[in-house]
Every structure is written in C-alpha cells, then in structure tokens.
Amino acid sequence: MENTYKIAYFYLQQPCVTITETGVEGSHLKSATRPLSLISLSARQEVDSAEKIGLCYPRFKADITLDCELMPPKGARLTCGVVTICILPEGKSCYPECILVQEGLPCPLIDGVRYASVEAGGTLCQGDQLIPEQEGFA
C-alpha cells in the first residue's frame, strides 16, 4: 500500500490555506528557494516532548504538518486537487554546535522535514490528502 500524506494542520492554525508559488499565503515562513516546509506529525510530537532540546527545536516552524508513516521522498510530486508541489532535494541541515550532534543523538527533523516548491497553487484544508504522482510506470 502506498504511503499517504494527510494534512494534520497548518502553522497558521487555520482549517484551510491558499498555496501560491511563493508558499502559504499570509505566512512569514516563506523562503524564495524553499517556499513550503513540511514536517511529519511524529517528528513534531518528538520535538515537542524531547528531554534534550536540539538547536533547531525552538526555532523550526513548518507550514504544513503531515500525518504519515514516512515523509515523501525527495523529488516526489504530490497533488491534491489543482495543487501540485514538488519535494526539493535539500533537506534539513545540522549544526555542529547542536547538543544532539555533539552527543551523537538522532534528530527527528532530519527524516521528518521536507521542503517543497509549488508547481500549481490552490487551496488545501486539514484532512486533505497529498497524493504522489506515479511517473515512469508502464
């Protein structure tokens, strides 16, 4: 069975948001090179309940939290209605001054965060499913 990417909630705490090529309309989390940031619900929960606080934990914010078993692979194209996003190749970076790096501990943000560009904008709502496009299959 294919992994599903259900929208759990948005950073703006709204039931629906408008996605444009520059990111979530009304969000200050925009980056010209990474318009959308996504985090898995399990990574968000790990960060929120962590005893050791990684350097990025208090400052990392994601536009969209996804309820999924695994985050989409880099390069994946996901659609929901008219909205199409593409998962970018770069991931979350670590910093040598982080206590998790210094102590050799795992960070849930490494596998639990993705950045995406927007190929086609539109409206997304909580509960919507982002569906992977199947390319190159005959």
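Quick caveat, the model's predicted, so the values are computed rather than measured.

(A) Inspection of the sheet that holds strand 6 (residues 77-80) at higher detail. Within the closed barrel, the seven strands sit side by side as 1-5-4-8-7-6-10. Their pairing is mixed. Averaged over all neighbouring strand pairs, the angle between strand axes comes to 40 degrees, with direction disregarded. For strand 6 and strand 10 (residues 129-132), the ladder comprises two bridges, and the chain directions are antiparallel. The partner of Thr79 across the bridge, within strand 10, is Ile131.

(B) Spatial organisation of the packing of aromatic side chains. Under the defined criterion, the tally for this structure stands at zero aromatic pairs. Arg34 extends its terminal NZ or CZ atom over the ring of Tyr115, reaching a point 4.1 Å from the ring centre.

(C) Inspection of the environment of Val113 at higher detail. As for its position among the elements, Val113 is in strand 8 (residues 113-120). Taking the relative accessible area as the measure of exposure, Val113 reaches 0% and is therefore buried. Between the C-alpha atoms of Val113 and Met71, which are 42 residues apart in sequence, the distance is 7.4 Å. Those residues in contact with Val113 that lie beyond four places of it in its chain are Leu38, Ile39, Phe60, Met71 and Lys92.

How each quantity is defined
- Residues numbered from 1 in each chain as written.
- Predicted model: local features only at pLDDT ≥ 70, side-chain atom pairs only at ≥ 80, totals over all residues.
- Heavy atoms only, no water.
- Pairing = 2+ DSSP bridges.
- Helix = DSSP H or I, 4+ residues; strand = E, 2+ residues; numbered from the N terminus.
- Axes fitted to C-alpha atoms, helices over the stretch in contact; angles between N-to-C directions.
- Phe/Tyr/Trp six-rings, centres within 6.5 Å; stacked < 30°, edge-to-face > 60°.
- Lys NZ or Arg CZ within 6 Å of the ring centre and 35° of its normal.
- Buried < 20%, exposed > 50% of the residue type's maximum accessible area, 1.4 Å probe, protein only.
- Contact = heavy atoms within 4.5 Å.

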